[in-house]
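# Working through the structure, step by step
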Amino acid sequence: MSSARDRVLGRVRAALADVPAGEDRRWPREGPEERPYADSHGEGPSLDVLVDRLVDYKATVHRVDAERLPAEVAACLERAGATRVVVPEGAPRAWFEGCPATLLTDSPERPRTLADLNGADAVVTGCAVAIAETGTIVLDAGPDQGRRAITLVPDHHVCVVRADQVVDGVPQAVRLLDPARPLTWISGPSATSDIELNRVEGVHGPRLLEVLVVG
Amino acid sequence: MSGTFLGIPPFPDAARSAVEDSQLRHNLRKATRTIRGKRTEAVDELGADWMRLRARGKEVKDHTLRHLDHYLEELERSVQRAGGTVHWAADAEEANTIVTRLVQETGESDVVKVKSMATQEIELNQALERAGITAYETDLAELIVQLGEDLPSHILVPAIHLGRSQIREIFLEQMAEWGTPAPADLTDDPRALAEAARVHLRERFLRTRTAVSGANFAVADSGTLVVLESEGNGRMCLTLPRTLISVVGIEKIVPTWSDLEVFMQLLPRSSTGERMNPYTSTWTGVAPGDGPQEFHLVLLDNGRTDVLADTVGRQALRCIRCSACLNTCPVYERTGGHAYGSVYPGPIGAILTPQLRGMSSAADEALPYASSLCGACYEVCPVAIDIPEVLVHLREEVAEGSGHLGEKALMAGAGAVFGSPTALEAAQRAAGLAGGAVPRHLPGLAGQWTDTRDLPGLPKESFRRWWKRDGRSEG
Ligand code: SF4
């Protein structure tokens with residue numbers, strides 16, 4: 001036990017002398033269904049809202065049938081001229097049927113170097129959850145999403161979102177997510193408004209975010 | 001190296017020179033108006049639920065603060081369980097010593113930094129520099145401020161006081177000294193400037209092995225740290241290095257993971273006026289094979305327990321640094337952030353800085369007067385901090401205490417800028433502003449002083465009506 005710890009905690013306790021000993025410390029005091037705010041805001045069918053919000057934040061969105069997915073993945077990569085493509089080891093092989101690009105598989109056990117990632121043209125992943133109202137895709141480093149670095153360094157991120165992964169509001173997503181996993185919430189491509197409040201898409205993260213909504 | 005706020009003159013003096021700077025006034029007006037408009041739209045989209053989320057945000061923070069010792073200990077256990085190391089710092093010096101030692105233990109002399117108010121507050125960069133360690137700011141605005149040897153002037157947009165051509169000049173002159181130079185044909189197009197920053201920092205991100213960050217939230221039950229950002233520089237710093245050191249104020253705690261569902265709705269909408277910011281990273285200790293393999297959390301007091309001890313002023317610790325109160329404040333819009341002489345400018349700075357620093361100087365004692373008490377800051381605050389209430393409370397303390405400033409000196413200083421319609425009109429004309437767009441009178445510091453003493457003050461109601469028309473209040 002360090003002395004700074006004791007001093008800080010001692011000061012906190014002294015500062016809270018007005019709080020009655022034994023004050024109810026249970027938190028939260030109600031179940032998830034009784035929270036005093038909405039789970040979502042009823043803005044329409046989830047997939048339509050998701051697509052609308054993604055487009056609003058300058059992501060490129062394609063709605064595809066499951067059978068068309070491999071062709072669409074190949075088409076996205078081809079349009080961008082992507083020939084070296086990072087793929088998490090756990091991504092379904094079926095996504096890449098007929099894809100002419102060179103696939104660079106990555107996993108925590110067999111990670112690519114940063115130079116490899118920096119030299120790649122694109123990355124293709126799945127996601128954990130998508131939030132329709134805010135146009136947000138959440139990655140949780142699951143097998144089809146991989147290490148955080150692979151969706152960060154390449155300049156083009158193609159993300160596959162299944163219809164059954166889409167929820168309407170933020171609270172629903174938070175309930176589905178496991179905080180023990182490293183999470184990345186993505187809402188559109190990297191952006192800045194630091195210069196005279198003009199929004200510029202594309203600073204350090206991928207400048208092109210392409211979302212394939214399946215179903 | 002970036003500057004320091006020490007030696008900045010007390011608010012009335014600093015404010016006087018700022019209102020005379022027409023470029024600054026132009027930038028501030030444009031910027032704060034733009035954000036205000038976007039924010040109103042983003043908030044209105046949630047309808048009546050906004051006020052419910054706001055009440056909940058307040059409740060979560062109040063509950064946490066009332067049991068802060070308990071939640072600090074819980075956070076410590078959770079972070080340790082997940083493979084992180086927890087350090088405690090009672091003041092800036094202790095925090096700087098800890099971080100310097102941790103960086104030295106990595107054997108590195110360079111660190112990359114994510115924008116963090118706490119590390120600015122403790123002047124970590126300067127402390128690291130004294131130990132021969134260079135801290136590279138990576139947020140675009142922070143980079144501009146660091147390269148320009150300037151000071152941040154806004155919580156969210158620290159370079160809000162600079163225009164694009166000034167930024168271009170800074171990049172052309174300074175980037176080469178810090179790393180990858182700016183292209184010789186750099187234009188002042190924001191796209192070109194952002195691209196120059198991308199190129200300038202890319203190699204540094206790939207190479208640097210130690211990062212320093214703050215955090216927007218620290219979740220006690222899960223041990224999770226949360227950083228919201230836009231550019232991806234945060235993700236770079238939080239993901240690529242081997243060692244991550246996060247300096248976090250003890251007031252940043254929320255009790256449970258599910259509390260984030262409230263703040264992840266309140267903060268982006270109130271801050272940048274977006275439904276969600278482009279990137280949010282959350283991490284819990286160390287994830288094997290993914291991201292930094294060494295994680296240190298430095299819990300910082302540095303005056304926060306003094307704020308906590310004041311039952312009226314305590315509410316300032318609810319602040320989630322969204323900056324809505326700055327963007328809505330008529331005084332801030334005219335003076336800019338530097339006049340507040342602190343990393344925390346605007347209405348929140350006016351109540352937080354003097355409490356954190358213990359009103360130890362004339363500058364701190366003047367801060368509670370840097371307001372017209374119009375109440376707009378309270379209305380927009382996503383955690384319902386009653387800033388006017390705290391301002392009045394602090395004014396009482398200044399008036400009662402054996403202060404550094406007498407009332408008369410204060411009134412004279414403040415009145416010279418805000419109390420005199422002529423001085424203000426002159427400043428407005430200098431900035432080429434249309435008379436109809438701004439109130440003829442700002443209820444100035446001196447005006448408010450008289451208001452609270454039941455003497456005839458400036459017409460508060462008409463001012464408020466104007467303010468509502470201008471779209472500042474949710475009202
Ligand atoms: S005081 Fe309220 S409005 Fe101001 S920055 Fe803090 S949270 Fe935002």
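Owing to the predicted nature of the structure, the values given are computational and were not obtained by experimental measurement. (Residues numbered from 1 in each chain as written. Chains lettered and ligands numbered in written order. Predicted model: local features only at pLDDT ≥ 70, side-chain atom pairs only at ≥ 80, totals over all residues. Heavy atoms only, no water.)

### Thoughts on the overall build of chain B
From N to C terminus, chain B includes 23 helices and 10 strands. Here chain B holds 475 residues, and the buried ones make up 65% of them. Sequence separation of at least 24 residues holds for 76% of the intrachain contacts in chain B that already meet a minimum separation of 6. Counting every atom, chain B has about 15,500 Å² of accessible surface; 50% of that belongs to carbon and sulfur. (Helix = DSSP H or I, 4+ residues; strand = E, 2+ residues; numbered from the N terminus. Buried < 20%, exposed > 50% of the residue type's maximum accessible area, 1.4 Å probe, protein only. Contact = heavy atoms within 4.5 Å. Areas by Shrake-Rupley, 256 points an atom, 1.4 Å probe, with all protein chains shown as cover.)

### Quick word on helix α12 (residues 260–271) of chain B
All names here are of chain B. The terminal C-alpha atoms of α12 lie 16 Å apart, and with 12 residues this matches the ideal 16 Å at 1.5 Å per residue to within 8%. Among the 12 residues of α12, 12 are classified as buried, and the element is accordingly described as predominantly covered. Listed as buried for α12 are Leu260, Glu261, Val262, Phe263, Met264, Gln265, Leu266, Leu267, Pro268, Arg269, Ser270 and Ser271. A positive backbone phi angle near 70° is found at Gly273, which sits one or two residues after α12. (Expected span 1.5 Å × (residues − 1).)

### Section: the pattern of salt bridges
Scanning the entire structure with this criterion turns up 48 salt bridges over all chains. With its nearest N and O atoms 3.8 Å apart, the salt bridge here joins A:Glu72 to A:Arg79. A salt bridge links B:Asp364 to B:Arg357; the nearest nitrogen and oxygen atoms lie 2.9 Å apart. Residue B:Asp364 is classed as buried on the basis of its relative accessible area, which comes to 1%. Three or more residues are tied together by salt bridges with common partners; here these are A:Glu43, A:Asp52, A:Arg53, A:Asp56, B:Glu45, B:Arg269 and B:Arg275. (Salt bridge = Lys/Arg side-chain N within 4 Å of Asp/Glu carboxyl O.)

### Let's talk about the side chain of B:His200
Residues and elements named next belong to chain B. Mapping His200 onto the fold places it in helix α10 (residues 190–207). Overall, His200 belongs to the buried group, its relative accessible area being 3%. Within polar-contact distance, the side chain of His200 engages the backbone oxygen of Thr180 at 2.5 Å. If we skip the residues at most four places from it in the chain, His200 touches Leu143, Met175, Trp178, Gly179 and Thr180. (Polar contact = N/O pair within 3.5 Å; in protein donor to acceptor, adjacent residues only side chain to side chain.)

### A look at the sheet that holds strand β9 (residues 183–186) of chain A
The strand order across the open sheet formed by 8 strands is β8(A)-β5(A)-β6(A)-β9(A)-β9(B)-β6(B)-β5(B)-β8(B), and the pairing between neighbours is mixed. In this open sheet, the two strands that pair with only one neighbour each are β8 (166–167) of chain A together with β8 (253–254) of chain B. Looking at chain direction, strand β6 (residues 224–229) of chain B and strand β9 (residues 279–284) of chain B are connected through 6 bridges and run antiparallel. Looking across to β9(B), one finds that B:Leu225 is bridged to B:Trp283. (Pairing = 2+ DSSP bridges.)

### Looking at the sheet that holds strand β4 (residues 210–213) of chain B
All names here are of chain B. Across the sheet, 6 strands lie side by side as β1-β10-β7-β4-β2-β3; this open sheet has parallel pairing. The open sheet has two edge strands, β1 (85–89) and β3 (134–137), and neither has a second partner. Across the sheet, the mean angle separating the axes of adjacent strands is 25° when strand polarity is ignored. Note: strand β2 (residues 110–113) against β3, 4 bridges, orientation parallel. Counted as the bridge partner of Lys113 is Glu137 from β3. (Axes fitted to C-alpha atoms, helices over the stretch in contact; angles between N-to-C directions.)

### Section: helix α4 (residues 68–81) of chain B
All names here are of chain B. Counted at 1.5 Å a residue, the expected span for α4 with its 14 residues is 20 Å, and the 20 Å between its end C-alpha atoms agrees. Every buried residue belonging to α4 is among Leu68, Asp69, Tyr71, Leu72, Glu74, Leu75, Glu76, Ser78 and Val79, and all of these are buried. After α4 finishes, the residue Gly83 shows a positive phi value of roughly 95°.

### Examining the site of the ligand
Around the ligand, the neighbouring residues are B:Cys319, B:Ile320, B:Arg321, B:Cys322, B:Ser323, B:Cys325, B:Ile348, B:Cys381, B:Pro382, B:Val383, B:Ile385 and B:Ile387. A per-class count over the shell around the ligand returns 10 nonpolar, 1 polar and 1 charged. (Near = heavy atom within 4 Å. Nonpolar A, V, L, I, M, F, W, Y, C, P; charged D, E, K, R; others polar.)

### Description of the interface of chain B and chain A
Taken together, the contacts link 94 residues of chain B with 79 residues of chain A. Carbon and sulfur atoms supply 55% of the area buried between chain B and chain A, which totals about 7,600 Å² over both sides. Looking only at chain B, the three residues that lose the most surface to chain A are B:Arg198, B:Glu261 and B:Arg275, adding up to 10% of its buried area. For the pair chain B and chain A, the number of links is 16 salt bridges. (Buried area = accessible area lost by both parts, 1.4 Å probe.)

### With respect to unusual backbone geometry
Residue and element names in this part refer to chain A. Geometrically, the link from Trp27 to Pro28 is a cis peptide bond, its omega value of -10° lying close to zero. Phi is positive for Lys58, which is not a glycine, with a value near 70°. In this fold, Lys58 is placed in the loop between α2 (46–56) and β1 (60–64). One non-glycine residue, Ala141, adopts positive backbone phi at about 65°. Tracing the backbone shows Ala141 in the loop between β6 (136–139) and β7 (156–162).

### A look at the environment of A:Val153
You can see A:Val153 is positioned in the loop between β6 and β7. Along the backbone, A:Val153 and A:Arg11 are 142 residues apart, and their C-alpha atoms lie at a distance of 44 Å. Excluding residues within four positions of it along the chain, A:Val153 makes contact with A:Leu114, A:Leu117, A:Asn118, B:Arg202, B:Leu206 and B:Leu240.

### Digging into the packing of helix α8 (residues 140–147) of chain B against helix α9 (residues 164–178) of chain B
All names here are of chain B. Two elements in contact, α8 and α9, have axes whose closest approach is 9 Å; the angle formed by their N-to-C orientations is 75°. Looking at the two axes, α8 sits roughly perpendicular to α9. Between α8, through Leu140, Leu143, Ile144, Gln146 and Leu147, and α9, the contact on the second element is made entirely by Ile167, Ile170, Phe171, Gln174, Met175 and Trp178. Considered class by class, the residues forming the contact of α8 with α9 number 9 nonpolar, 2 polar and no charged. (Parallel < 35°, antiparallel > 145°, perpendicular 65-115°, else oblique.)

### Considerations on the domain arrangement of chain B
All names here are of chain B. Structurally, chain B comprises domain 1 (15–304), domain 2 (311–400) and domain 3 (408–474). Each of domain 1 and domain 2 has a C-alpha centre, and the two are 21 Å apart. For the pair domain 1 and domain 2, the summed buried surface comes to about 3,300 Å²; carbon and sulfur atoms form 60% of the total. At the boundary of domain 1 with domain 2, the tally comes to 5 salt bridges. Here Arg318 makes a salt bridge to Asp62, at a shortest N to O gap of 2.9 Å. Every element with two or more residues in the side of domain 1 that touches domain 2 is listed here: α1 (11–19), α2 (22–44), α3 (49–66), α6 (117–121) and α12. (Domains from an automatic or database assignment.)

### So, the side chain of B:Lys252
All names here are of chain B. Note on placement: Lys252 falls in the loop between β7 (243–249) and β8. Look at Lys252: it is buried, it has no salt bridge, and the nearest opposite charge is Glu251 at 4.5 Å. Apart from residues lying up to four places away in sequence, Lys252 is in contact with Lys61, Ala215, Asn216, Phe217, Ala218, Cys319 and Arg321. (Lys, Arg positive; Asp, Glu negative; His and termini not counted.)

### A short note on the state of the cysteines
Residues and elements named next belong to chain B. Considering all chains together, one arrives at 0 disulfides over all chains under this definition. Unpaired in terms of disulfides, Cys329 finds its nearest cysteine sulfur in Cys374, a separation of 6.5 Å. Under the relative-accessibility criterion, Cys329 is labelled buried at 9%. (Disulfide = S-S within 2.5 Å.)

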